[in-house]
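Structural features, examined
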Amino acid sequence: MAISTIAGIDFSADAATVARQLIGVTVLLDGVGGRIVETEAYDRDDAASHALAGETERNASMFGPPAHAYVYRSYGIHWCLNFVCREAGHGAGVLIRALEPVAGLDTMRARRDALEERALCSGPGKLCQALGVTRAHDGMALAGASFALLPAAPGLVVVEGIRIGISKAVDVPWRFGLAGSRFLSRPIRGEARN
């Protein structure tokens, strides 16, 4: 039986709920990682989602089971890490857009050739390079040997706004970020909620 609840997050829930709840959760990949400060939700009925046209070889991991990684290459340049949610077969996930680095900073700096802490994981491609994420991680269980997720501290304020870097469904407010974080990929102009 697959595990769908990790670090207090029920990955069988809808993508927007999971994306919001992931803010503040610490994700480690082989001991390297940080606190999630920015996410975006995608669902199969969403015009910006890879799942919209159905399952393919490229997006198969996005169709389940929940609490697994979906990794793809964006524009043929950099890897992007997503956490699969909803039931197997549905096609939904959460893009991990930015982290506040907390573990393995020297490893991240070497992988990114960057010294400034803010530059290490302030975007989906940057964080994948810093964590060493590749296609080999596609389909891996988030409760497996390589990944570790640690619960968020209570009482965090989350900002909600529209997603960025897409050309379809640009008005959907499924981008979430930690209010006041200097580690976001770009500021979020939206509504703050506890």
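As a starting point, this report considers the structure included with it.

1. Points about the environment of Ala141
Tracing the backbone shows Ala141 in the loop between helix H3 (124-131) and strand S8 (147-150). With a relative accessible area of 31%, Ala141 lands in the partly exposed category. Along the sequence, Ala141 and Gly104 sit 37 residues apart, while their C-alpha atoms lie 21 Å from each other. Residues within four places of Ala141 in sequence aside, it is in contact with Ala67, His68 and Phe147.

2. Some thoughts on the packing of aromatic side chains
Scanning all chains against the criterion turns up two aromatic pairs. Plain terms: the ring middles of Phe11 and Phe83 are 6.3 Å apart, the flat faces sit at 70° to each other, and that makes the pair edge-to-face. Here Phe11, found in the loop between strand S2 (9-10) and helix H1 (15-21), pairs with Phe83, found in strand S6 (residues 78-85); they are 72 residues apart in sequence, far enough to count as distant. The two residues Phe11 and Phe83 agree in class, both being buried.

3. As for the pairing of strand S9 (residues 158-161)
The side-chain alternation of S9 yields two buried faces, one formed by Val158 and Glu160 and the other by Val159 and Gly161. Here S9 runs beside strand S10 (residues 175-178); their pairing, made up of four bridges, is antiparallel. What sits directly across from Val158, in S10, is Leu178.

4. Things to note about the packing of helix H2 (residues 105-112) against H3
Direction vectors running N to C along H2 and H3 enclose 115°, while the axes themselves pass 7 Å from each other. Crossing of H2 over H3 shows right-handed handedness. Contact with H2, carried on its side by Met108, Arg111 and Arg112, involves Lys126, Gln129, Ala130 and Leu131 of H3 and no other residues of that element. Tallied by class, the residues present in the contact of H2 with H3 amount to three nonpolar, one polar and three charged.

5. Some words on the nonpolar core
Formed by 51 residues in total, the largest nonpolar core has its most connected members in Phe11, Leu22, Ile36, Leu81, Phe83, Ile96 and Leu149. A per-element tally of this core places strand S7 (residues 92-103) first, with five residues. Once you skip the residues sitting within four places of it in the chain, Leu22 turns out to touch Ile9, Phe11, Ile36, Thr39, Phe83, Val94 and Ile96. Among the nonpolar cores identified, the runner-up in size contains eight residues, and Tyr42, Phe63, Val84 and Leu95 belong to it.

6. Overview of the pattern of salt bridges
Under the defined criterion, the tally for this structure stands at nine salt bridges. A salt bridge links Glu160 to Arg20; its shortest N-O distance comes to 2.9 Å. Here Arg20 lies in helix H1 and Glu160 lies in strand S9, a separation of 140 residues in the sequence. For Glu160, a relative accessible area of 15% gives the class buried. Residues participating in the shared-partner salt-bridge network are Glu38, Glu40, Arg97 and Arg175.

Rules used in this analysis
Residues numbered from 1 in each chain as written. Predicted model: local features only at pLDDT ≥ 70, side-chain atom pairs only at ≥ 80, totals over all residues. Heavy atoms only, no water. Helix = DSSP H or I, 4+ residues; strand = E, 2+ residues; numbered from the N terminus. Buried < 20%, exposed > 50% of the residue type's maximum accessible area, 1.4 Å probe, protein only. Contact = heavy atoms within 4.5 Å. Phe/Tyr/Trp six-rings, centres within 6.5 Å; stacked < 30°, edge-to-face > 60°. Pairing = 2+ DSSP bridges. Axes fitted to C-alpha atoms, helices over the stretch in contact; angles between N-to-C directions. Left-handed = near helix turned anticlockwise from the far one by under 90°. Nonpolar A, V, L, I, M, F, W, Y, C, P; charged D, E, K, R; others polar. Core = buried A, V, L, I, M, F, W, Y, C linked by side-chain atoms within 4.5 Å. Salt bridge = Lys/Arg side-chain N within 4 Å of Asp/Glu carboxyl O.

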